[in-house]
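# Close look at the chain arrangement
So the chains spell out like this:
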Amino acid sequence: RAAPLRGGEVLNERLRVTPRRGNALPLKEDAVRVGVMRRITAARLKYCGFDAVLDDAMLIVSELLTNALLHSGTTQIALTITLEKEDLHIAVGDGMPGCAAPKPTDTDAESGRGLALVEYVVQENGGTWGSRDAGATTWCRLKVATAEAS
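Throughout what follows, the structure given in this document is the object of discussion.

Reading guide: rules and limits
- Residues numbered from 1 in each chain as written.
- Predicted model: local features only at pLDDT ≥ 70, side-chain atom pairs only at ≥ 80, totals over all residues.
- Heavy atoms only, no water.
- Helix = DSSP H or I, 4+ residues; strand = E, 2+ residues; numbered from the N terminus.
- Buried < 20%, exposed > 50% of the residue type's maximum accessible area, 1.4 Å probe, protein only.
- Contact = heavy atoms within 4.5 Å.
- Areas by Shrake-Rupley, 256 points an atom, 1.4 Å probe, with all protein chains shown as cover.
- Axes fitted to C-alpha atoms, helices over the stretch in contact; angles between N-to-C directions.
- Parallel < 35°, antiparallel > 145°, perpendicular 65-115°, else oblique.
- Left-handed = near helix turned anticlockwise from the far one by under 90°.
- Nonpolar A, V, L, I, M, F, W, Y, C, P; charged D, E, K, R; others polar.
- Arc of directions from axis to C-beta.
- Core = buried A, V, L, I, M, F, W, Y, C linked by side-chain atoms within 4.5 Å.
- Polar contact = N/O pair within 3.5 Å; in protein donor to acceptor, adjacent residues only side chain to side chain.
- Pairing = 2+ DSSP bridges.

## Topic: the overall build of the protein chain
Counting its secondary structure elements, the protein chain contains 3 helices and 5 strands. The 150 residues of the protein chain split such that 41% are buried. A separation threshold of at least 6 residues defines the contact pool for the protein chain, and within that pool the share at least 24 residues apart is 68%. Carbon and sulfur atoms provide 51% of the accessible area of the protein chain, an area that totals close to 8,400 Å².

Here it is, written out as structure tokens:
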């Protein structure tokens, strides 16, 4: 097991995806990439000693990648995870302007809760979230405690 990371890059990946047409579902191989990135994130966070935020980070990565896949129309999605002081910074960029924001959902709705879930998890962790680059990147910060500190 690696010593817990003290600062810097944890993960930097780019996913090539096929832009969605209208309301069509994403291609199966693009949807599968979200799960693959979630597992890569989990492995990397464990390797770096961030077990305390593993579940929250996996959920956030999954929701932000899915949001970019469903709503951006882009051909590439970037996932970057860095440690900045005592914060784990997760950013998903799709290169397409437009701010991500939680939307009210009907109790019977089958989707639309992802960003509200991200907001809740981040706030429960004492972190923050938002977007930058005219909305092309959605990010969050989680407070971390490494395995060494716990």
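## Regarding the packing of helix H2 (residues 54-71) against helix H3 (residues 114-124)
Their axes nearest at 9 Å, the elements H2 and H3 cross at an angle of 150 degrees. One way to sum up the angle between H2 and H3 is to call them roughly antiparallel. In this structure, H2 crosses over H3, and the sense of that crossing is left-handed. Residues Asp 56, Leu 59, Ile 60, Glu 63, Leu 64 and Asn 67 of H2 form the contact with H3, whose own contacting residues are Gly 114, Leu 115, Leu 117, Val 118, Val 121 and Val 122. When its residues are assigned to classes, the contact of H2 with H3 shows 8 nonpolar, 2 polar and 2 charged.

## What about H3?
Residues of H3 that are buried include every one of Gly 114, Leu 115, Val 118, Val 121 and Val 122, and no others. With its buried residues spanning 125 degrees around the axis, H3 presents them on a single face. For H3, exposure combined with an orientation more than 90 degrees from the buried face picks out Tyr 120, Gln 123 and Glu 124. In this structure, the buried side of H3 is in contact with H2, strand S4 (128-132) and strand S5 (137-143). Count one or two residues on from H3 and you reach Gly 126, which has phi positive near 80 degrees.

## Looking at the nonpolar core
As a rule of thumb, soluble globular proteins bury nonpolar side chains together. The biggest cluster of nonpolar side chains holds 34 residues, and the ones touching the most others in it are Phe 50, Ile 60, Leu 65, Leu 79, Leu 88 and Ile 90. Contributions of two or more residues to this core are made by strand S1 (8-16), helix H1 (28-47), H2, strand S2 (76-84), strand S3 (87-93), H3 and S5. If you tally residues by element for this core, the top one is H2, at 8 residues. Sequence-distant contacts of Leu 88, defined by excluding residues within four places in its chain, comprise Val 10, Leu 45, Phe 50, Val 53, Ala 57, Ile 81, Thr 82, Leu 83, Cys 140, Arg 141, Leu 142 and Val 144.

## Structural notes on the side chain of Thr 82
As for its position among the elements, Thr 82 is in strand S2. In this structure Thr 82 comes out as buried when scored by relative accessible area, which is 15%. At a separation of 3.1 Å, a polar atom in the side chain of Thr 82 contacts the side chain of Glu 84. When residues no more than four places from it in sequence are discounted, the contact partners of Thr 82 are Gly 8, Glu 9, Val 10, Asp 87, Leu 88 and His 89.

## Some words on the sheet that holds S1
Pairing is antiparallel across the open sheet formed by 5 strands, whose spatial order is S1-S2-S3-S5-S4. Taken across any chain shown, the strands that pair with only one partner, and hence form the sheet edges, are S1 and S4. Each strand axis lies, on average, 15 degrees off the axis of its neighbour in the sheet, ignoring direction. Here H1 sits on the sheet in contact with S1, S2 and S3, set at roughly 165 degrees to S1.

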